[in-house]
Amino acid sequence: MNLPLARWLDSDVGHSFRSSPVAMGAALIAFVCIFCAVFANWVAPHNPFDLSTLELSDARLPPAWLEGGTRKFLLGTDDQGRDILSALMFGARISLVVGLASVALSVVVGVAMGLLAGFRGGWVDSLLMRLCDVMLSFPAILVALLIAGVGRALFPNAHASLAFGVLILSISLTGWVQYARTVRGSTLVERNKEYVQAARVTGVSSLRIMRRHVLPNVMGPVMVLATIQVATAIITEATLSFLGVGAPPTSPSLGTLIRVGNDYLFSGEWWITIFPGVMLVLIALSVNLLGDWLRDALNPKLR
């Protein structure tokens, strides 16, 4: 067995993982979803976004186990004849990329702001915390809708990469606040400990103290929060795409697939929206369960 993996499995966190069936099941579901999304080009039976392979005669076919279904399309097809199973894999990739990128940006900004506010204190702390209060006074989805809508209005013919950048920015704009407040609280405790005072006495710069000494000791809560926020970011992206201001139509995510299928939900073609919804629930639920396990595993009082 790989030495780092074996060492992790023998650690307290690894033992907690091996003794938790819920965590192992959630990790398995998350791994399958991520694997299918990352390797969709090789795993998916069809390329649902290759227009040359689409046939309108295959539109709205039911799943293979229902009357009128075919094994060629195991989960049926949508209104354009796209294979639902393949669309789920490609759509999950977009949702995961947007969710992970927005959380990463939120972590970088929030941790930097929290470290600065907690370590410097004074007017810097007051200014950054008031900024956090202002951001928290607006619903996150409303801010994301505003930014995404303005971005689309300013760049109506923008490339897909720019559209994804606006989407990631809109989700991250309010996401960094929770990290900043969490890191700020932990930094207020750490800055008064002996190792920080000793570093100050020896002439170590404040930036080096924050980066080399304080930061590693405040990352535990950040890891837990980031894991849970991945699911929140994915759901936010799906919500924006469902409302028509998220992922571009040429690269539909799970939210876009749900919106397309919603038009056919009450006409009998339930599979067009149900299967993308189930996929979204599985991803969000597995990530949330992993976040709950990680929170308990990193809490020394629960060991």
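Residues numbered from 1 in each chain as written. Predicted model: local features only at pLDDT ≥ 70, side-chain atom pairs only at ≥ 80, totals over all residues. Heavy atoms only, no water.

Asks: Any details on the packing of helix α10 (residues 206-242) against helix α12 (residues 271-297)? Residues and values, ideally.
Replies: It is the contact of α10 with α12, at a shortest axis distance of 8 Å, that shows an interaxial angle of 165°. Relative to α12, the element α10 is oriented roughly antiparallel. As α10 packs across α12, the resulting crossing turns out to be left-handed. Between α10, through Met-223, Val-224, Thr-227, Ile-228, Val-230, Ala-231, Ile-234, Ile-235 and Ala-238, and α12, the contact on the second element is made entirely by Leu-280, Ile-283, Ala-284, Val-287, Asn-288, Leu-290, Gly-291, Asp-292, Leu-294 and Arg-295. Taken together, the residues of the contact of α10 with α12 break down into 14 nonpolar, three polar and two charged. (Axes fitted to C-alpha atoms, helices over the stretch in contact; angles between N-to-C directions. Helix = DSSP H or I, 4+ residues; strand = E, 2+ residues; numbered from the N terminus. Parallel < 35°, antiparallel > 145°, perpendicular 65-115°, else oblique. Left-handed = near helix turned anticlockwise from the far one by under 90°. Contact = heavy atoms within 4.5 Å. Nonpolar A, V, L, I, M, F, W, Y, C, P; charged D, E, K, R; others polar.)

Asks: Please give an account of the packing of aromatic side chains that cites residues and values.
Replies: If you walk through the whole model with that rule in mind, you get six aromatic pairs. When the centroid spacing of 5.7 Å and the interplanar angle of 55° are considered together, the rings of Trp-270 and Phe-275 count as tilted. For Phe-275, a relative accessible area of 15% puts it in the buried group. (Phe/Tyr/Trp six-rings, centres within 6.5 Å; stacked < 30°, edge-to-face > 60°. Buried < 20%, exposed > 50% of the residue type's maximum accessible area, 1.4 Å probe, protein only.)

Asks: Provide a residue-level description of the pattern of salt bridges, including the pertinent values.
Replies: Per the counting criterion, the structure on display carries six salt bridges. The salt bridge involving Arg-130 is made with Asp-133; its shortest N-O contact spans 3.0 Å. Here Asp-133 and Arg-130 lie together in helix α6 (residues 122-136), a separation of three residues that amounts to about one turn. Residue classification places Arg-130 among the partly exposed positions, given a relative accessible area of 47%. Where Arg-181 meets Asp-133, a salt bridge forms, and the shortest distance between an N and an O atom there is 3.1 Å. Taken together, the residues Arg-181 in helix α8 (residues 160-190) and Asp-133 in helix α6 connect sequence positions 48 residues apart. Within this structure, Arg-130, Asp-133 and Arg-181 form a network of salt bridges that share partners. (Salt bridge = Lys/Arg side-chain N within 4 Å of Asp/Glu carboxyl O.)

Asks: Lay out unusual backbone geometry with the relevant residues and their values.
Replies: Residues other than glycine seldom take positive phi values, yet Arg-60 does so here, at roughly 55°. Look at Arg-60 and you get partly exposed, because its relative accessible area is 39%.

Asks: An account of α6 is requested, with residue identities and associated values reported.
Replies: Residues spaced three or four apart along an α-helix face the same direction, because each turn holds 3.6 residues. Its 15 residues place the ends of α6 21 Å apart at the C-alpha level, agreeing with the 21 Å of an ideal helix rising 1.5 Å per residue. When α6 is considered as a whole, its buried residues turn out to be Val-124, Asp-125, Leu-128, Met-129, Cys-132 and Met-135. Seen along its axis, α6 keeps its buried residues to an arc of 115°; they face one direction. Residues of α6 that are exposed and angled more than 90 degrees away from the buried face: Gly-122, Trp-123 and Leu-127. (Expected span 1.5 Å × (residues − 1). Arc of directions from axis to C-beta.)

Asks: Talk me through the packing of helix α5 (residues 84-120) against α12; I want residue IDs and the actual numbers.
Replies: In helix packing, the relevant descriptors are the interaxial angle and the interaxial distance, both defined with respect to the helix axes. Contact pair α5 / α12: the axes reach a minimum separation of 10 Å and the direction vectors enclose 40°. By the criterion of interaxial angle, the relationship of α5 to α12 is oblique. When you trace α5 past α12, the crossing you get is right-handed. Across the interface between the two elements, Ile-84, Leu-88, Ala-92 and Leu-96 of α5 pack against Trp-271, Ile-272, Phe-275, Pro-276, Met-279 and Ile-283 of α12. Of the residues in the contact of α5 with α12, the class split is ten nonpolar, no polar and no charged.

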